[in-house]
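Listed here are the chains, written in short residue letters.
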Amino acid sequence: MVDYLIFLAISTALFALFALGLNLQWGFTGLINFGHIAFMTLGAYTTVLLSLKGVPLLISAVAGAIVAALLGLVIGFATLRLREDYLSIVTIGTGELIRLVVNNQELPVGDTWISGAFGVQSYPIPLSTEPNLFVRLVMIGLLTLLTAVAFFTLWRWIRITQISRTTDLGKRTTSKQEFISRLGVGILLAALAAAIYISGVIGLYNYNPKAGLMLVLLLVLALVYWRLEILVRSPWGRILKAIREDEEIPKALGKNVFWYKLQSLMLGGAIAGIAGAFFAWQLGAIYPDNFQPQITFDTWIMVILGGSGNNVGTILGAVIFFAYDALTREVLPRIVTLDEARLGAFRIMVIGLILMVLMIWRPQGILGKKEELTLGK
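What counts, and at which threshold
- Residues numbered from 1 in each chain as written.
- Predicted model: local features only at pLDDT ≥ 70, side-chain atom pairs only at ≥ 80, totals over all residues.
- Heavy atoms only, no water.
- Helix = DSSP H or I, 4+ residues; strand = E, 2+ residues; numbered from the N terminus.
- Rg over C-alpha atoms; globule rule 2.2 N^0.38 Å.
- Buried < 20%, exposed > 50% of the residue type's maximum accessible area, 1.4 Å probe, protein only.
- Contact = heavy atoms within 4.5 Å.
- Lys, Arg positive; Asp, Glu negative; His and termini not counted.
- Charge placed at Lys NZ, Arg CZ, Asp CG, Glu CD.
- Patch = residues over 30% accessible without salt bridge, like charges linked within 9 Å, V, L, I, M, F, W, Y side chains within 5 Å.
- Areas by Shrake-Rupley, 256 points an atom, 1.4 Å probe, with all protein chains shown as cover.
- Salt bridge = Lys/Arg side-chain N within 4 Å of Asp/Glu carboxyl O.
- UniProt positions renumbered as here; feature names shortened; annotations may be inferred.
- Polar contact = N/O pair within 3.5 Å; in protein donor to acceptor, adjacent residues only side chain to side chain.
- Phe/Tyr/Trp six-rings, centres within 6.5 Å; stacked < 30°, edge-to-face > 60°.
- Lys NZ or Arg CZ within 6 Å of the ring centre and 35° of its normal.

### Considering the overall build of the chain
Across its full length, the chain carries 13 helices and 4 strands. Radius of gyration (C-alpha) of the chain: 21 Å, near the 21 Å computed for a compact globule of 377 residues. On the principal axes, the C-alpha backbone points of the chain span a range of 65 × 50 × 50 Å. By residue count, 49% of the 377 residues in the chain fall in the buried class. Long-range contacts, defined as pairs at least 24 residues apart, comprise 75% of the intrachain contacts of the chain with a sequence gap of at least 6. In the chain, 29 side chains carry a positive charge and 22 a negative one; their mean positions are 10 Å apart.

Right, dumping it as structure tokens:
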């Protein structure tokens, strides 16, 4: 059970990080990106191939993020001056193009060239060797600190809404609804954080390399979330929101809309490139078929489910998605008597039904704001 919880924590944090990049592009800037997997593919392969050449893992991951950002630069220069639908067409084509190129070309794996269709295996993974007791205790201390910060952030996030509810009598009903929703989400995320903490402490003390990878990933996710929250509340982030709503207004104020869109596309791509490095490290061996377009659309589900334009909502969407995935894998076979192939199709049908109900009940997502909704444009 501990190993399974660590696996779920890695998967959830990994796709939460990946979805944060998409949320920056779509939720805050209004860029329709249906090929987000392209950035992850470049990040994963760049990191792995460089590490097999002897480049340190940190530098390899940074290089993967830079290459993914450069892809955003190329896509941006090609499409951002056109209408939004051209961006969506180009990105989904780019995602498949990169996957097919990797599949059909030879790759420099170590000192030899190997066909990409055979995949890449046996590459270095962070913290794969067991550290001594002191280092393990330091890692447990970092996990404890990270969990304490998460609990404090959740408490403050809920407390802000409670204060506004008691002081702003004019919007009492709306604030009360938001307080209740935040309280429910906070309890869910706190329970998840507690489960991850307990399994992480056990996995780090009786050292499991996956527990070490989970700790590094959670630290990176926390850092990216923290910096994104600062960015989207800064003047830069407010300009992105203005572009999302009506780009003619920031143009009239003298802002270079194209440059801001390009920055958003590149930064979101860099975040996806970092997620690609962790995706490769989690799998232990990567193949072109690991980077199917379905991953992009699963990520769109997470962003829409949690609420686009809300970083906490994006993380919540990833939590709900993987909780649903894990529960249905365990529970549905006991309820529905279907073979494995039909059961998989039935699970997809159920999540589609959930999304349709959500779009009717809360089209802005669980934590999204209706006044910032851009799906109706």
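Picking up after the structure, the text goes on.
### Let's talk about a nonpolar patch on the surface
On the surface, F134, V135, V138, L142, L145, V149 and L219 cluster together into a nonpolar patch covering about 600 Å² of accessible area. Sorting elements by how many residues they give to the nonpolar patch places helix α5 (residues 133–167) first, with 6 residues. Here V149 shows up in helix α5.

### Examining unusual backbone geometry
Residues other than glycine seldom take positive phi values, yet S122 does so here, at roughly 55 degrees. Looking at the secondary structure, you find S122 in the loop between β3 (120–121) and α5. Classification of S122 by relative accessible area gives exposed; the value is 68%.

### Some details on the UniProt feature "transmembrane region" (unreviewed entry) in the chain
As recorded in UniProt, the sites labelled "transmembrane region" (unreviewed entry) are residues 31–50, 57–78, 133–158, 179–205, 211–228, 265–287, 299–324 and 344–361. Between the first and last C-alpha atoms of residues 57–78 the distance is 32 Å; the span itself is 100% helix and 0% strand. Structurally, residues 211–228 comprises 100% helix and 0% strand, and the distance from its first C-alpha atom to its last is 25 Å.

### A look at the pattern of salt bridges
Overall, the coordinates contain 8 salt bridges when judged by the stated rule. For R99, the salt bridge goes to D289, with nearest N and O atoms at 3.3 Å. Taken together, the positions of R99 in helix α4 (residues 84–104) and D289 in the loop between β4 (285–286) and α11 (294–306) put the pair 190 residues apart, joining distant regions of the chain. Among the residues examined, R99 registers a relative accessible area of 10% and is labelled buried. Since its relative accessible area comes to 54%, D289 is described here as exposed. The salt bridge involving R244 is made with E245; its shortest N-O contact spans 2.8 Å. Given a relative accessible area of 6%, R244 falls into the buried group. Of the residues examined, E245 reaches a relative accessible area of 33% and is grouped as partly exposed. Taken together, the salt bridges that share partners define one network made up of E247, E248, K251 and K261.

### Notes on the side chain of N23
Locating N23 in the fold gives a position in helix α1 (residues 2–28). By relative accessible area, N23 is classed as buried at 0%. Polar side-chain contacts of N23 include one of 2.8 Å to the backbone nitrogen of G309. The residues touching N23, leaving out its near neighbours within four places in the chain, are F28, V303, G307, S308, G309, N310, N311 and T314.

### Quick look at the environment of K241
Structurally, K241 is set in helix α8 (residues 235–246). On the accessibility criterion, K241 (25% relative accessible area) is partly exposed.

### Focus: the packing of aromatic side chains
By the definition in use, this model includes 13 aromatic pairs. Arranged with centres 5.8 Å apart and planes meeting at 50 degrees, the rings of Y45 and F291 form a pair that is tilted. Here the residue Y45 occupies a position in helix α2 (residues 37–52), and F291 occupies one in the loop between β4 and α11, the gap between them amounting to 246 residues. Looking at Y45, the relative accessible area reads 5%, which means it is buried. A connected cluster of aromatic rings, assembled from ring pairs, spans F15, F18, Y45, F279, F291, F321 and F322. Over the face of the ring belonging to W226 we find R227, whose NZ or CZ atom lies 5.0 Å from the ring centre.

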